[in-house]
Amino acid sequence: MKLVTTGQHCDDLMDALTEFRESCPTVQRWGAQLAGRLGGGARLLVAGNGGSAAQAQHLTAELVGRYREDRPPFSALALHADTSSTTAIANDYGVQEVFARQTCAHGRPGDVLMLLSTSGASANLLSAATEAHRIGMRVWAMTGPAPNPLEAVSDEALCVNAPVSATVQELHLVAVHMVCEAFDRAIEENTAAAERRTAGEHRTRKEDSA
């Protein structure tokens, strides 16, 4: 077993984080677009395997619950979290179908499917992406180094250039939190804009009736 030297893990993370900063526009855009879609009644489906499954569930918890400040809940599902469905599908149809079949069940045109994978090569995530495209969903991916198969089949991908899976997952968590920050900011801005429009329409009706 190859062990890293003391402090090497932190050094790897800092090196990868420096390059990751270039992805800030992507995560900001995802957060804003997600606010528009979920605010309009769409749904976010998220999937991953192993540690990436934990990251997926972290994201959905922030959206259904809250990130920083109180706000309305939004529809977000971590597909691996339904263990009965996941194990039944794996048993009856094969592991490759565990996320695709749930995407077919829960996904609708205009929804977003976000897939997390350190390798970018998980067969069950690739199948889910294919199914999401068939439905008319948007597919986003967080992966490890590019190029990789999941990046290729996604509408957009955030690819972390790091040598080990642990560092990739750590930066995926950073990305998850940045998406939530951008989401909450966009929700607040959209709500304020809607209130201004309502107030303007109310004033117009009063003036027309005067």
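Asker: Could you give me a rundown of the packing of helix H4 (residues 83–93) against helix H5 (residues 98–106), with the residues and numbers involved?
Answerer: The packing of two helices is summarised by the inter-axis angle and the distance between the axes. The geometry of H4 relative to H5 is characterised by a closest axis approach of 9 Å and an angle of 115 degrees between their N-to-C directions. You can see that H4 and H5 cross each other, and the crossing is right-handed. Of the residues in H5, those touching H4 at Ser 85, Thr 86, Ile 89, Ala 90 and Tyr 93 are Val 98, Arg 101 and Gln 102. Grouping the constituent residues of the contact of H4 with H5 by class yields four nonpolar, three polar and one charged.

Asker: Give a detailed account of the pattern of salt bridges, specifying residues and quantitative values.
Answerer: Summed over all chains, the structure comprises seven salt bridges. For Glu 156, the salt bridge identified is with Arg 29, shortest N-O distance 2.3 Å. With a gap of 127 residues between them, Glu 156 in strand S5 (residues 156–159) and Arg 29 in helix H2 (residues 24–39) connect regions that are remote in the sequence. Look at Glu 156 and you get buried, because its relative accessible area is 14%. Of the residues examined, Arg 29 reaches a relative accessible area of 32% and is grouped as partly exposed.

Asker: Describe the layout of surface pockets, with residues and values.
Answerer: The space that makes up the largest pocket amounts to roughly 180 Å³. What lines the largest pocket is simply Tyr 67, Arg 68, Glu 69, Asp 70, Arg 71, Glu 181, Asp 184, Arg 185, Ile 187 and Glu 188. Tallied by class, residues from the lining of the largest pocket come to two nonpolar, no polar and eight charged.

Asker: Outline H2, listing residues and values.
Answerer: Here H2 spans 22 Å end to end across 16 residues, near enough to the 22 Å set by a 1.5 Å rise per residue. A positive phi of about 105 degrees marks Gly 41, the residue just after H2.

Asker: Summarise the sheet that holds strand S2 (residues 76–78); cite the residues concerned and give the values.
Answerer: Spatial ordering of the open sheet is given by S2-S1-S3-S4-S5, a layout of five strands whose pairing is parallel. In this open sheet, the two edge strands, each paired with only one partner strand, are S2 and S5. Neighbour-to-neighbour, the strand axes of this sheet turn through a mean angle of 15 degrees, independent of strand direction. Bridging between strand S1 (residues 44–48) and strand S3 (residues 112–117) involves five bridges; their strand directions are parallel. Residue pairing across strands places Leu 44 opposite Val 112, the latter belonging to S3. Contacting S1, S2 and S3, helix H3 (residues 51–64) crosses the sheet at an angle of about 160 degrees to S1.

Conventions adopted
Residues numbered from 1 in each chain as written. Predicted model: local features only at pLDDT ≥ 70, side-chain atom pairs only at ≥ 80, totals over all residues. Heavy atoms only, no water. Axes fitted to C-alpha atoms, helices over the stretch in contact; angles between N-to-C directions. Helix = DSSP H or I, 4+ residues; strand = E, 2+ residues; numbered from the N terminus. Left-handed = near helix turned anticlockwise from the far one by under 90°. Contact = heavy atoms within 4.5 Å. Nonpolar A, V, L, I, M, F, W, Y, C, P; charged D, E, K, R; others polar. Salt bridge = Lys/Arg side-chain N within 4 Å of Asp/Glu carboxyl O. Buried < 20%, exposed > 50% of the residue type's maximum accessible area, 1.4 Å probe, protein only. 1 Å grid on protein atoms, 1.4 Å probe; cavity = no way out; pocket = protein on both sides within 12 Å on 5 of 7 lines; lining within 4 Å. Points joined across faces, edges and corners; volume = space filled by probe spheres on them. Expected span 1.5 Å × (residues − 1). Pairing = 2+ DSSP bridges.

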